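# Residue-level structural notes
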Amino acid sequence: MRPLAALILKDIAVEMRRRESVISMMMFGLLVTVIFSFAFEPSGAERDLIAPGMLWVALTFAGVIGLNRSLAIDLDNDCLQGLLLAPVSRGSLYVGKVASNFLFMLIAELVIVPLFIIFNDLRLGGDLLWLILIVVLGTFGFAAVGTILSAISANTRMREVMLPMLQIPLTLPMIIAAVAATSLILGEDKEGFGSWMNLIIGFDIIFLIVSYLVFEYVVEE
Amino acid sequence: MANRTIGVASLLGMLTALWAVFVYAPTEATMGIVQRIFYFHVSAALMGFFAFFVVFVSSIAFLLKRDLAWDRIARCSAEIGVLFASINLATGILWAKPIWGIWWTWDARLTLQLLLWILFVSYIMLGAYIAEPMKRAALQAVFGILAFIDVPINFMAIRWWRTQHPSPVILGGEGSGLDIDMYIALIITMAAFMLLYTYLLGHRLAVERTQEEVEYFEQLVHSQ
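Conventions adopted
Residues numbered from 1 in each chain as written. Chains lettered and ligands numbered in written order. Predicted model: local features only at pLDDT ≥ 70, side-chain atom pairs only at ≥ 80, totals over all residues. Heavy atoms only, no water. Axes fitted to C-alpha atoms, helices over the stretch in contact; angles between N-to-C directions. Helix = DSSP H or I, 4+ residues; strand = E, 2+ residues; numbered from the N terminus. Parallel < 35°, antiparallel > 145°, perpendicular 65-115°, else oblique. Left-handed = near helix turned anticlockwise from the far one by under 90°. 1 Å grid on protein atoms, 1.4 Å probe; cavity = no way out; pocket = protein on both sides within 12 Å on 5 of 7 lines; lining within 4 Å. Points joined across faces, edges and corners; volume = space filled by probe spheres on them. Contact = heavy atoms within 4.5 Å. Core = buried A, V, L, I, M, F, W, Y, C linked by side-chain atoms within 4.5 Å. Buried < 20%, exposed > 50% of the residue type's maximum accessible area, 1.4 Å probe, protein only. pLDDT = per-residue confidence, 0-100.

### Looking at the packing of helix α1 (residues 2-24) of chain B against helix α6 (residues 180-223) of chain B
Packed helices, taken two at a time, are described by the angle between their axes plus the distance between the axes. Residue and element names in this part refer to chain B. The geometry of α1 relative to α6 is characterised by a closest axis approach of 8 Å and an angle of 155° between their N-to-C directions. With respect to each other, α1 and α6 are oriented roughly antiparallel. When you trace α1 past α6, the crossing you get is left-handed.

And the structure:
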């Protein structure tokens, strides 16, 4: 547990100094929200129909922005080399990175989601807790897949283009499930909510395990 | 030499398939002549899946054995898989217009097939952007495995989401089923496509090997 904590604290320390990742995610999420409002000018009932899609597009693109630099920064500074020499398993490196990416994305969402609710005048009432649950579980799956994919794209030319090309199609089932679950929350009829949540949880677990197993092949020299 | 035999066999297979599809198989009652595209449409879809399955298996084999021969098979099969998936999508669009009245609909199976196409085009692009061969092979293998695992999850998500595509005629539930002659025509077409896949893969692998040899000699010349 100690090495894992050290890995996460290292990422937090870097982020505290640069403050790049979280801030750019927040601003990008906010920008997407604003652009969608201009593009659709949703009002009243339409808003509840469009809002789930808008929210997840904002979170998806903001997430990709944050993940882009996540492993590239370790690679550029030869920090990864040091981490590989450290007496921790490759799996722990992956889990530590997922944890810090998850944390940074959640912090950004702490700003994006409330602003999204305010700008779109969403009336959630008691369902707010369910929305938080969807966002947390969805973000976790996004971070689990995104961490290994950002490690892959960090090795390519045109990193910033490659990550969304890999990330968005791969996380599509999770995005579909999250959008569907969010619409059910905003609507009257809640039927099928449980199966969508199961799909998100299943996605999180499967990709966490598979990525954990193959991560060593991505970082090896 | 072996590949030439397969080439001739796939040519004969394709001619037989054309005969089976346009002469042997009966015309479908409600859709008429247009339905004959079905044989190519379904065969292309199945061959696409098969090719992507080969990518998945070869990717695992590469990570375990560290033999670039597996990587070569995975990459070449992915390209041919994208080709078959493209044929499937194109014939689907042509078929949908006269029957459904629309070129495209975001129905479960169409969406899944398009997504599969996108995933493996991304797979090919990924390979193009990494220079070092062993590194590229390992990263592509990892993505190939992740992409293949994604398919069944996507299938569930998209199926719950919506569905308009006809339920499977083959091995489907009640009310499904093909005329026996149509079945035979489909099997002939599938066999011809299988031969074509094998032939293309053999050729593609030969080109890839030649390319690697050329690169090797280029390096040799430059290092002198």
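### Considering empty space enclosed by the protein
All names here are of chain A. Summed over all chains, the structure comprises six cavities of 30 Å³ or more. Its boundaries defined by the atoms lining it, the largest cavity holds a volume of some 120 Å³. Lining the largest cavity are 14 residues, with Arg18, Ser70, Ile73, Lys97 and Phe104 sitting closest to its centre. Counting residues per element, the ones that place at least two in the lining of the largest cavity are α1 (2-18), α4 (72-76) and α6 (90-119).

### Focus on the environment of Leu208(A)
All names here are of chain A. Tracing the chain through its elements places Leu208 in helix α9 (residues 193-219). The sequence separation of Leu208 and Tyr94 amounts to 114 residues, and the corresponding C-alpha distance is 9.4 Å. Among residues more than four places away in sequence, those in contact with Leu208 are Tyr94, Val98, Phe140 and Ala144.

### Considering the nonpolar core
Grouped burial of nonpolar side chains is what soluble globular proteins tend to show. Leu149(A), Phe120(B) and Phe143(B) are the most contacted members of the largest nonpolar core, which has 105 residues in total. The residues touching Leu149(A), leaving out its near neighbours within four places in the chain, are Leu163(A), Leu166(A), Gln167(A), Leu170(A), Phe143(B) and Leu146(B). Residues Phe40(B), Val42(B), Ala51(B) and Cys76(B) belong to the second largest nonpolar core, which totals 24 residues.

### What about the confidence of the model for chain B?
Parts of the model with low pLDDT should not have their predicted coordinates read in detail. All names here are of chain B. For chain B, the average pLDDT comes to 86, and 92% of its residues sit at 70 or higher. This model gives residues 171-175 a pLDDT under 50, and the stretch forms zero contacts once residues within four places in sequence are excluded. Scoring the predicted complex yields pTM 0.87 and, for the interface, ipTM 0.88.

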